[in-house]
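A closer look at the structure
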Amino acid sequence: AGERVTLVVIHNISLPPREFGGDGVAQLFGNALVSSQHPFYAQIAHLRVSAHLFIRRDGQLIQFVPFTARAWHAGVSCWQGRERCNDFSIGIELEGCDDLPFTTMQYAQLAQVLPALYVRYPSIDSVTGHSHIAPGRKTDPGGCFDWAQVPMPPVPVMG
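A word on the sheet that holds strand β3 (residues 61–63)
One open sheet accounts for 5 strands, arranged β3-β2-β6-β1-β7; its pairing is mixed. Every other strand in the sheet has two partners, leaving β3 and β7 (126–129) as the edge strands with one partner each. Adjacent strand axes in the sheet meet at a mean angle of 25° when their direction is disregarded. This element, helix α3 (residues 104–120), spans β1 (7–13), β2 (53–55), β3, β6 (89–95) and β7 of the sheet and lies at about 170° to β6.

Set out below in structure tokens:
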């Protein structure tokens, strides 16, 4: 309560790993992952994680957590000296993995979503990757993510 949103964190996820289009991510974020559906699911079924938004390969946008609520996407994290990034960030998951390019539709959706977030939350001053807030622990969104296609927050005008 009372915390300003100042950061957007970009992630990637696919469930099962490197497979796209299934229900695994929605099940994981809804705490309903069926561990018997895939051998990998048994390893992660205990996790309680979520993100505000999920962007599928075809650009479909799914919201899992309201922007006014904390999502559990960052884990142990630190950005510009502040720990617990979940407390002051919005998490956006892209359907993908570290070593495959993201789609034109995903970047187009980001180009719609991010400026809308900047209007709604003018306190957002940074967009970064999970790897930047949890170095050594996380690698996403990965080397194939094209940061040049990400609209960054406007620079505040000093008056």
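Once you've had a look at it, read on.
So, the pairing of β6
Of all the 7 residues making up β6, 7 are buried; the element is thus mostly covered by neighbouring parts of the structure. The sheet contact formed by β1 and β6 spans 7 bridges and is parallel. Residue pairing in the sheet places Val8 in a bridge with Ile90 of β6. The sheet contact formed by β2 and β6 spans 3 bridges and is parallel. Bridge pairing in β6 places Ile55 opposite Leu94.

Quick notes on the rules
- Sequence positions are assigned chain by chain, starting from 1 and proceeding in written order.
- In view of the model being predicted, local features appear only for residues whose pLDDT reaches at least 70, and side-chain atom pairs are presented and counted only at 80 or more, with totals across whole chains, interfaces and linings using the full set of residues.
- Hydrogens and waters are ignored; side-chain quantities use all the structure's heavy atoms.
- Only when DSSP finds a minimum of two bridges between them are two strands counted as paired.
- The secondary structure listing takes helices from DSSP runs of H or I that are at least 4 residues long and strands from runs of E that are at least 2 residues long, numbered from the N terminus.
- Axis geometry follows a simple rule: fit a line to the C-alpha atoms, using only the stretch in contact for helices, then measure angles between N-to-C directions, giving values from 0 to 180 degrees.
- Every residue pair with non-hydrogen atoms within 4.5 Å of one another is taken to be in contact.
- Only protein chains enter the accessibility calculation, which uses a 1.4 Å probe; a residue whose area is less than 20% of its type maximum is buried, one above 50% is exposed, and one in between is partly exposed.

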